[in-house]
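Single-letter residue listing:
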Amino acid sequence: DIETKWSKVDEYIYNLLVQSDEVLEKALEANEEAGLPSIDVAPNQGKMLYLLARIKGAQRILEMGTLGGYSTIWLARALPENGRLVSLELDPIHAKVAQSNIDRAGLSACVEIQVGEALDSLDKLVEQYEIFDMIFIDADKVNNPHYLQYALQFSRPGTLIIFDNVVREGEIIDGDSTDSSIQATRTLFQMIAKEPRLVSTAIQTVGGKGYDGFAFALVTE
Ligand code: SAM
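Residue numbering note: each chain is counted from 1, following its sequence as written. A pLDDT threshold of at least 70 governs which residues receive local features in this predicted model, and a stricter bar of 80 or more applies before side-chain atom pairs are shown or counted, although totals over entire chains, interfaces and linings include all residues. Hydrogens and water molecules were not included; the side-chain quantities draw on all heavy atoms of the structure.

A. Layout of the pattern of salt bridges. Salt bridge, as applied in this entry: a Lys or Arg side-chain nitrogen positioned within 4 Å of an Asp or Glu carboxyl oxygen. Scanning the model with the defined rule gives 10 salt bridges in all. The salt bridge involving aspartate 212 is made with arginine 168; its shortest N-O contact spans 3.8 Å. Placement of aspartate 212 in strand 7 (residues 212-219) and of arginine 168 in the loop between strand 5 (160-164) and helix 8 (180-194) is noted, with a sequence separation of 44 residues between them. Here's how the labels work: a residue is buried when its accessible area is under 20% of the maximum for its type, exposed when over 50%, partly exposed in between, all with a 1.4 Å probe on protein chains only. Residue classification places aspartate 212 among the buried residues on the basis of a relative accessible area of 13%. For arginine 168, a relative accessible area of 29% puts it in the partly exposed group. Here arginine 197 and glutamate 195 are joined by a salt bridge, their closest N and O atoms 3.0 Å apart. Connected via shared salt-bridge partners are Arg60, Arg84, Glu112 and Glu130. By definition, any uninterrupted DSSP run of H or I lasting at least four residues is a helix, any uninterrupted run of E lasting at least two residues is a strand, and each is numbered from the N terminus.

B. View of the site of the ligand. Here a residue is considered near a molecule or strand provided that any single heavy atom belonging to it is located within 4 Å of it. The immediate surroundings of the ligand are formed by 20 residues, with Val41, Ser71, Glu89, His94 and Asp138 found nearest. Pairing of N or O atoms within 3.5 Å defines a polar contact, subject to two protein rules: one partner must be a possible hydrogen donor and the other a possible acceptor, and residues neighboring in sequence count only if both atoms are side-chain atoms. Serine 71 is positioned such that a nitrogen or oxygen atom in its side chain is 2.8 Å from a nitrogen atom of the ligand. Within the complex, the protein chains bury 91% of what would otherwise be the 600 Å² of accessible surface of the ligand. In this analysis a 1.4 Å probe is tested at points of a 1 Å grid over the protein atoms alone, and where it fits but cannot get out there is a cavity; an open set with protein on both sides within 12 Å along at least five of seven lines is a pocket; lining residues have an atom within 4 Å of a point. Pocket occupancy is defined atom-wise: a molecule lies in a cavity or pocket when more than half of its atoms are within 2 Å of its grid points. When atom positions are compared with the pocket grids, the ligand is found to occupy the largest pocket. Of the residues that constitute the shell around the ligand, the class distribution is 9 nonpolar, 5 polar and 6 charged. Where accessible areas are quoted, they stem from the Shrake-Rupley method and a 1.4 Å probe; at the residue level, only the protein chains shown are allowed to cover. Residue type decides the class: Asp, Glu, Lys and Arg count as charged, Ala, Val, Leu, Ile, Met, Phe, Trp, Tyr, Cys and Pro as nonpolar, and the leftover types, Gly among them, as polar.

C. Broad picture of the packing of helix 6 (residues 118-127) against helix 7 (residues 144-153). It is at 11 Å that the axes of helix 6 and helix 7 come closest, and there the two elements cross at 15°. With respect to each other, helix 6 and helix 7 are oriented roughly parallel. As for how helix 6 packs across helix 7, the hand of that crossing is left-handed. Contact with helix 6, carried on its side by Ala118, Leu119, Leu122, Asp123 and Val126, involves His146, Tyr147, Tyr150 and Gln153 of helix 7 and no other residues of that element. Class assignment of the residues belonging to the contact of helix 6 with helix 7 gives a composition of 6 nonpolar, 2 polar and 1 charged. Working convention: axes come from line fits to C-alpha atoms, limited for helices to the stretch in contact. Angles between N-to-C directions cover 0 to 180 degrees. Every angle not falling under 35 degrees, over 145, or within 65 to 115 is termed oblique; those three ranges are roughly parallel, roughly antiparallel and roughly perpendicular. Crossings are classed by handedness, with left-handed meaning an anticlockwise turn of the near helix from the far one by less than a right angle and right-handed meaning a clockwise turn. Working rule for contacts: check all heavy atoms of both residues, and any pair within 4.5 Å makes them a contact.

Remember that the coordinates give geometry; whether it matters functionally is a separate question.
Right, dumping it as structure tokens:
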């Protein structure tokens, strides 16, 4: 069936262009052993985030939603030596597993996980006048409209903001959806569309992780 084909193509891409990587495979194993849900980005998507961070020349990256640090490792690997990544995670168990995966990846010097409600951590980052070159938003989807507002506060012209899971098997076009994540994502799209500082698009994705999508917004002023 079609989903099997998506998975096979992911595998083909993985084998040729992403390639086996002990640190990342160990991270996924550790996540599974600790009982974390396997809702990390797919390997080819992780590499896309890595490539975007490199294209951007990102020195400071903010991530919302660490889980076991799989996307964190991809993003942090793109940083220059003095680069910094701050990742926000609600669940202390997720954060603990992520920290050990990040240590194993040799990235603990540039990655800081902040445990707690993302909205609380974001308030503190605002007080510290933090600025980021790239912001990857992949936490609880109901708060995405709030996360966009914070992301804009941390941005300078050139900051790239990325949201994961904005298509949800096409449910995004259902204005009558009773799913609060879908309604929040629809609000997010409206906000992005109306925000004059943003140039944006969204891309539908298929693969071993199903049918979903990313939204990309570049801050221009
Ligand atoms: N970015 C990760 C990756 O690709 O490897 C996956 C992140 S997973 C989809 C979402 C994470 O957001 C979960 O670990 C969850 O505990 C966390 N989360 C959920 N609600 C949150 C909140 N209010 N504040 C901070 N983190 C939250």
